[in-house]
Amino acid sequence: MRYTISEMASLLGVTTHTLRYYEKMGLIRPEVNEETGYRYYTVTDTRRFNLCRELRAAELSLEECRELIGSPSVEQSDKMFARQAARLRRRQVLDELSIHFLEKMQEQYRTLEQDVGRVWVQNFPEMWRLTFSQEEEASRDRELQQEKAEWLECMPAARWVSRLPRRVMEQFRVGRNEYDYGLMMEADAARRLGLQRTRHVEVVCGGDYLVTIWKKDYRGSFGWDSLETLHDEIVRRGFRAVGETFSSIVASRQQPDGSVVNYHHTRTKIYT
C-alpha cells in the first residue's frame, strides 16, 4: 500500500499539517517519486506514526519519541521509560493533592463571610517553607531561584504564604510590621513530591494555631490592623507564648465600586 498525504491523514484521523510536522521531525519518512516529486507513505509509516502517538499519549516528547524509534540501547530506553514513569507518578500525587486543595477551598468559600473576624484554634501538620523575599523584594540567589521554580511546579500543594516573626505579637504595634514572603506545603506532601530539604528549606512546626479570616480592603503591605483580631484574642486567652504568624490569600472579590477585597487566612502558633 502507498498513500498520498491526504489519504494517510484520513486513514489515521489527523491533519496533513501534523503529518508534515512528523516528517520534518524525522519520525516518518515518505518515499519520493523523483519524476513527479510526489510523496507517498507506506504501512511502515502508519505503524511508526501510531507508535509515536502512543508514546506521546504517555506524555513523552517528540524528541524522546524520535530517540525511541531510532536505535536506542536497552540502557537508554530503560532510562527514558523509567524517567517518564516517575514523572507521571509525581503528577498522580500532585493531582491527588490538587483535589484535596479544591475540596478544602470549597469548604472555606461556603463559610467565608461568616468566618471573617471569627477566631478559632486549629491543628496543622508540620510544614516545609521556602523563603525567597524580604517583604516584596525577591532574593537574587540563583540556586534559590531554581528551587523556587521547582516548588512553583508543585502548586497548589505549595501555597504562597507570608510569614511574620514572633515579635509582631509579643511587641504589638512596636516598630514596623515586617514579614517575609515564600512558599509552604505540608512536609508529607513535599516528601511525596520528591522535594529535598536543602539549606533554603525550613521546617515549620505543626500543632495548634489561632486562626482567623482577615478581610483586607486596601492596597499595600500588611498593617497592624491585619493582626489586631488575633492579638486581642491572644491577650484575652492569656497564652503563655506565641510563635510565628502566617498569612495566605484564600479569596478575592471585586466590589460594586470596582475596588478589590482580599480574604486572608491568618494563623499564629500558640503554646498553651
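Scroll up to find the structure.
This report concerns the structure included in the present document.

Conventions we followed
Residues numbered from 1 in each chain as written. Predicted model: local features only at pLDDT ≥ 70, side-chain atom pairs only at ≥ 80, totals over all residues. Heavy atoms only, no water. Helix = DSSP H or I, 4+ residues; strand = E, 2+ residues; numbered from the N terminus. Rg over C-alpha atoms; globule rule 2.2 N^0.38 Å. Buried < 20%, exposed > 50% of the residue type's maximum accessible area, 1.4 Å probe, protein only. Core = buried A, V, L, I, M, F, W, Y, C linked by side-chain atoms within 4.5 Å. Contact = heavy atoms within 4.5 Å. Pairing = 2+ DSSP bridges. 1 Å grid on protein atoms, 1.4 Å probe; cavity = no way out; pocket = protein on both sides within 12 Å on 5 of 7 lines; lining within 4 Å. Points joined across faces, edges and corners; volume = space filled by probe spheres on them. Nonpolar A, V, L, I, M, F, W, Y, C, P; charged D, E, K, R; others polar. Polar contact = N/O pair within 3.5 Å; in protein donor to acceptor, adjacent residues only side chain to side chain.

Helices and strands together make up the secondary structure of the protein chain, namely 10 helices and 12 strands. Against the 2.2 N^0.38 benchmark of 19 Å for 272 residues, the protein chain shows a C-alpha radius of gyration of 27 Å, more extended than a compact globule. Along the first, second and third principal axes, the C-alpha set of the protein chain runs to 90 × 50 × 35 Å. Per-residue burial for the protein chain yields a buried fraction of 42% across its 272 residues.

The subject of this paragraph is the nonpolar core. Judged by nonpolar contacts, the single largest core of 21 residues is most densely connected at M8, L19, Y22, L27 and F49. Taken together, the elements giving at least two residues each to this core come down to α1 (5-12), α2 (16-24), α3 (43-57) and α4 (62-68). For this core, the element with the most residues is α1, which contributes 4 residues. Once you skip the residues sitting within four places of it in the chain, M8 turns out to touch Y3, L19, Y41, D45, T46 and F49. The next biggest cluster of nonpolar side chains, apart from the first, holds 19 residues, and it includes L97, C154, A157 and A187.

Of all 12 residues making up strand β12 (residues 260-271), 9 are buried, and the element is well covered by its neighbours. Pairing of strand β11 (residues 241-254) with β12, which is carried by 11 bridges, proceeds in the antiparallel orientation. Among the inter-strand pairings, S247 is bridged to a residue of β12, identified as T266.

Next up on the list: the layout of surface pockets. Rolled over the atoms, a probe sized like a water molecule indicates the empty space that remains. Roughly 510 Å³ of volume is contained in the largest pocket. Elements that contribute at least two residues to the lining of the largest pocket include exactly α5 (74-110), β4 (119-124), β7 (159-164), β8 (180-186), α9 (187-192), β11 and β12. Per-element accounting of the lining of the largest pocket gives the leading share, 7 residues, to α5. Of the residues that constitute the lining of the largest pocket, the class distribution is 13 nonpolar, 5 polar and 7 charged.

Turning to the side chain of S226, a few remarks are in order. Summarising the element assignment, S226 is placed in the loop between β10 (207-216) and α10 (228-237). Assessed through its relative accessible area of 5%, S226 is described here as buried. Looking at S226, its side chain comes within polar contact range of the main-chain oxygen of G223, at 2.6 Å. Residues in contact with S226, not counting those within four places in the same chain, are N177 and W214.

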